[in-house]
Amino acid sequence: MTYPPFVPHWIADVEVPSTGGAVFEKRSPIDDRVVARVARGGAAEVAHAVSAAAGAADAWARTPAPKRGAILGRAAQLLREREQLFGAIIQVETGKPWKNAVAEVASSADLAVFMEGEGSRFYGKTMPSPISNRTVQTLRQPIGICAAIMPFNSPLAGIAWKAFPALLCGNAVVAKSHELTPHTAVEFGRLLKDAGLPVGLYSAVQGFGPDAGAPLVQDSRVGVVSFTGSSATGKLIQKMVSERAVLAKVCLELGGKNPFVVCDDADLELAAELAVASAFVDAGQRCASGSRIIVFDRIYDAFRKALLARVAKVRVGSGADDECGPVISRASLDRLLQQVAEAVSRGATLAAGGSALASLAPGYYMAPTVLENAAPDDEVSQQELFGPVTCLYRVNGFEDSVQLANRTTYGLTGAIHTASVHRAQEFITRYRGGLVSVNGATYGAGPHMPFGGVKNSGNGFREPGTESLDVYTELKTVVINHSPSGV
Ligand code: NAD
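Below you will find a few notes about this structure. Numbering of residues starts from 1 in every chain and runs along the sequence as written. Where totals are concerned, whole chains, interfaces and linings use all residues; where local detail is concerned, this predicted model gives features only for residues with pLDDT of at least 70, and gives and counts side-chain atom pairs only at 80 or more. Side-chain measures here rest on the full set of heavy atoms in the structure, leaving out hydrogens and waters.

**Concerning the sheet that holds strand β6 (residues 125-127)**
What holds strands together in a sheet is hydrogen bonding between their backbones, with the strands either parallel or antiparallel. Only strands joined by at least two bridges in the DSSP assignment are considered to pair. A helix here means a DSSP run of H or I that spans at least four residues, while a strand means a run of E at least two residues long, and both kinds are numbered starting from the N terminus. The sheet built from 3 strands is open, its strands ordered β6-β7-β22 with antiparallel pairing. At either margin of the open sheet sits one strand with a lone partner, and together these are β6 and β22 (473-481). On average, each strand axis in the sheet is inclined to that of its neighbour by 20°, with strand direction left out of account. Inspection of the sheet shows β6 paired to strand β7 (residues 134-142) by 3 bridges, in the antiparallel sense. In the sheet register, Lys125 faces β7, and the bridge partner there is Thr138. Every axis in this analysis is a line fitted to C-alpha atoms, fitted for helices over the stretch in contact. Angles between the N-to-C directions lie between 0 and 180 degrees.

**Looking at the packing of aromatic side chains**
Only Phe, Tyr and Trp rings are paired, with Trp represented by its six-membered ring, and only when their centres lie within 6.5 Å; those with planes under 30 degrees apart are stacked, over 60 edge-to-face, the remainder tilted. Counted by the stated rule, this structure contains 5 aromatic pairs. Each ring, one from Phe164 and one from Phe188, has its centre 5.3 Å from the other, and the planes form 55°; the classification is tilted. Separated by 24 residues along the polypeptide, Phe164 in helix α5 (residues 155-168) and Phe188 in helix α6 (residues 183-195) bring together distant segments of the chain. Residue class for Phe164 comes out buried when judged on its relative accessible area of 0%. Of the residues examined, Phe188 reaches a relative accessible area of 0% and is grouped as buried. Where Phe427 meets Tyr431, the ring centres are 5.4 Å apart and the plane angle is 0°; that geometry is what we call stacked. Take Phe427 and Tyr431: they sit in the same class, and that class is buried. Three or more aromatic residues link up through ring pairs in this structure, and these residues are Phe164, Phe188 and Tyr202. The ring of Phe122 carries the charged tip of Arg68 above its face, separated from the ring centre by 5.5 Å. Charges are assigned to positions over rings by a cutoff of 6 Å between ring centre and Lys NZ or Arg CZ, combined with an angular limit of 35 degrees from the ring normal. Of note, Arg286 hangs over the ring of Tyr443, and the distance from its end group to the ring centre comes to 4.4 Å. A 1.4 Å probe rolled over the protein chains alone gives each residue an accessible area, and that area as a share of the maximum for its type sets the label: buried under 20%, exposed over 50%, partly exposed in between.

**A few points about the side chain of Glu179**
Among the structural elements, Glu179 can be located in the loop between β9 (172-176) and α6. Here, two residues are considered to be in contact whenever any of their heavy atoms come within 4.5 Å of each other. What Glu179 contacts, discounting residues up to four positions off in sequence, is Phe24, Gly207, Phe208 and Gly209.

**As for the site of the ligand**
Contacts to the ligand come from 27 residues, most closely from Lys176, His178, Ser230, Leu254 and Glu384. Separating an oxygen atom of the ligand from a side-chain N or O atom of Lys176 is a distance of 2.7 Å. In protein, a polar contact requires one atom able to donate a hydrogen and another able to accept it; more generally it is a pair of N or O atoms within 3.5 Å, and residues adjacent in sequence count only if both atoms are side-chain atoms. At a separation of 2.7 Å, an oxygen atom of the ligand approaches a polar side-chain atom of His178. Of all the secondary-structure elements, those providing two or more residues to the shell around the ligand are α7 (209-218), β11 (224-228) and α8 (231-242). Looking at which element gives the most residues to the shell around the ligand, the answer is α8, with 4 residues. Classifying every residue of the shell around the ligand gives 14 nonpolar, 9 polar and 4 charged. Per-domain counts for the shell around the ligand show at least three residues from each of domain 1 (6-254 + 458-476) and domain 2 (259-438). The rule for a residue being near a molecule or strand is that one of its heavy atoms must lie within 4 Å of it. Throughout, the ten residues Ala, Val, Leu, Ile, Met, Phe, Trp, Tyr, Cys and Pro are labelled nonpolar, Asp, Glu, Lys and Arg are labelled charged, and all others, Gly among them, are labelled polar. Each domain's extent is set by a domain assignment, obtained either automatically or from a database.

**Observations concerning the packing of helix α13 (residues 398-405) against helix α14 (residues 421-430)**
Angle between the axes and distance between the axes are the two parameters that describe a pair of packed helices. Two elements in contact, α13 and α14, have axes separated by 11 Å at closest approach and are oriented at 25°. Comparing their axes, α14 and α13 come out roughly parallel. Like other packed secondary-structure pairs, α13 and α14 cross with a definite hand, here right-handed. Contacts from Phe398, Glu399, Val402, Gln403 and Ala405 of α13 reach α14 at Arg423, Glu426, Phe427 and Arg430. Each residue belonging to the contact of α13 with α14 can be placed in one class, and the counts come to 4 nonpolar, 1 polar and 4 charged. Should an angle lie under 35 degrees it is considered roughly parallel, over 145 roughly antiparallel, and from 65 to 115 roughly perpendicular; all remaining angles are considered oblique. We call a crossing left-handed when the near helix sits turned anticlockwise from the far one by less than a right angle, and right-handed when that turn is clockwise.

**Focus: the state of the cysteines**
By definition, a disulfide links the sulfur atoms of two cysteine residues through a covalent bond. Counting rule for disulfides: a pair of cysteine sulfur atoms within 2.5 Å. On inspection of all chains with the given rule, the structure shows 0 disulfides. Cys287 forms no disulfide, and the closest cysteine sulfur to it belongs to Cys251, at a distance of 12 Å. Residue classification places Cys287 among the partly exposed residues on the basis of a relative accessible area of 25%. Here Cys391 is not disulfide-linked; the sulfur of Cys324 is the nearest cysteine sulfur, at 16 Å.

**Details of the side chain of Asn258**
Residue placement: Asn258 occurs in strand β13 (residues 258-262). On the basis of relative accessible area, Asn258 is assigned to the buried category, the value being 0%. Polar contacts involving the side chain of Asn258 include one to the main-chain carbonyl oxygen of Cys287, which spans 2.7 Å. Apart from residues no more than four positions distant in its own chain, Asn258 is found in contact with Cys287, Ala288, Ser289, Gly290, Ser291, Arg292, Leu412, Thr413 and Thr442.

**Considering empty space enclosed by the protein**
In the cavity and pocket records, a cavity denotes points on a 1 Å grid over the protein atoms alone where a 1.4 Å probe fits but cannot get out, a pocket denotes an open set with protein on both sides within 12 Å along at least 5 of 7 lines, and lining residues are residues with an atom within 4 Å of a point. Grid points are joined across faces, edges and corners, and a volume is the space filled by probe spheres set on the points. In this structure the tally under the stated criterion is 5 cavities of 30 Å³ or more. Of the voids in this model, the largest cavity is the one considered here, and its volume is about 70 Å³. In terms of lining residues, the largest cavity is bounded by Thr94, Lys96, Phe152, Asn153, Asp282, Gln285, Gly325, Pro326 and Ile328. Class assignment for the residues of the lining of the largest cavity results in 3 nonpolar, 4 polar and 2 charged. Lining the second largest cavity, in full, are Gly256, Lys257, Gly284, Arg286, Ser289, Ser291, Glu384, Leu385, Phe386, Gly387 and Val389.

**Details of the packing of helix α9 (residues 268-280) against helix α10 (residues 300-312)**
At their nearest, the axes of α9 and α10 sit 9 Å apart, and the two run at 50° to each other. Between α9 and α10, the angle is such that the two are oblique. Pair α9 / α10 crosses with right-handed handedness. Here Leu268, Glu269, Ala271, Ala272, Glu273, Ala275, Val276 and Phe280 of α9 lie close against α10, whose contacting residues are Ala302, Phe303, Ala306, Leu307, Arg310 and Val311. Along the lines of polarity and charge, the residues of the contact of α9 with α10 split into 11 nonpolar, no polar and 3 charged.

Below, the structure is given as structure tokens:
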């Protein structure tokens, strides 16, 4: 059975129900059907999982990094063998089109392979000393227990992006599953067990943020909190950690309001194609989605025409050839419709979409929506909507496009479409974000590519890539006086 009627916690390699049997419902975004009842966890399940992690962490930390990596190599192989299973689970949970669901499995397997290699590198540094008979070096050391708190939009990549580097670095992981995508993290636990990961090193607790996420963040045994989600929750988590008896490292990967700039020397057809992909892949539920399309006045009408022609062809649905799936929940759909209606009441105009798709109801499908004439400081221009909604802005030229690109509290990704190397280089330098794409989409990630944001999009860490080792290890500086009398 791909999706079980009951989704338990996964603690120390065992399926566990909640104390007292509390549950909540998981519904399918495709047809609003209840697909499962989910164990509703809280402080008791978190304490259980953290204790299991504490019992296993020391031996794992002392396991040589290449051996830890070898287990991830086996996990990669199992992920590829179980592609159909994980693809089906992701599709039930998110409703995303099949090709996007299986792409997530492939990229997670690629990440495990990359991290396996990091186990054989795991480099520190050696440094010269001005003193004779002294050696100075840095070592990467495991932190201990890692709390992994994830968003719903890419459930497998979400857990893989955290658990693979955290485990490779010698930590135990306690994940808080997203309440809207609960089963992926359990099946991921089964996969790690089958790959040979020792018991206790990976657990997944089900439940809502305040019930299950907060006690995990507040547990002083947790040494690193790795969070991906909204900026509002990220700030709350940082505050919770600062109030603990013992501090922890906090890695925040947060939201975006990403600009997609189209200059007057751009290939307009290519730009329209990639603007549509940036805005509507995963129904716009991507931190890196292109939610602000900034277009030079001189080509605005021509680009608008190309863009709307492409938007009209977007295949909405969850089938093999579809491009834009449903949003994650009824509440999310209602919120998006309201945000668009309110933007229109404040002066924005609808160039496309703006409504739910009646033909696909009761699934949570929204027509790909393009707004125009929204003021740059209007809520719709400033808040991350996390849905299939993008805004078009008209600017006089390059200088205005850079100003508008930066006129946001976020700084995750940005794209510029231009034939000018100079404009591209200026944008790379002046856009305040963690990733810039030239003549591409606003998204783009790989196992070797550090990803993260500035301002309200993150707190400086990058995942994955070699840089993710900085999240999950502490550097220890070692000074050895190897002939003390000669120092
Ligand atoms: P969210 O902030 O609502 O929830 C994220 C997680 O935090 C969930 O598991 C939730 O249960 C938990 N949580 C909520 N309240 C909590 C609390 N008080 N204590 C502890 N945990 C708590 O975000 P979401 O709507 O699930 O995800 C969408 C967001 O994630 C968007 O803002 C998106 O941009 C962001 N995101 C960022 C990246 C990135 O790499 N920067 C990637 C994907 C998604």
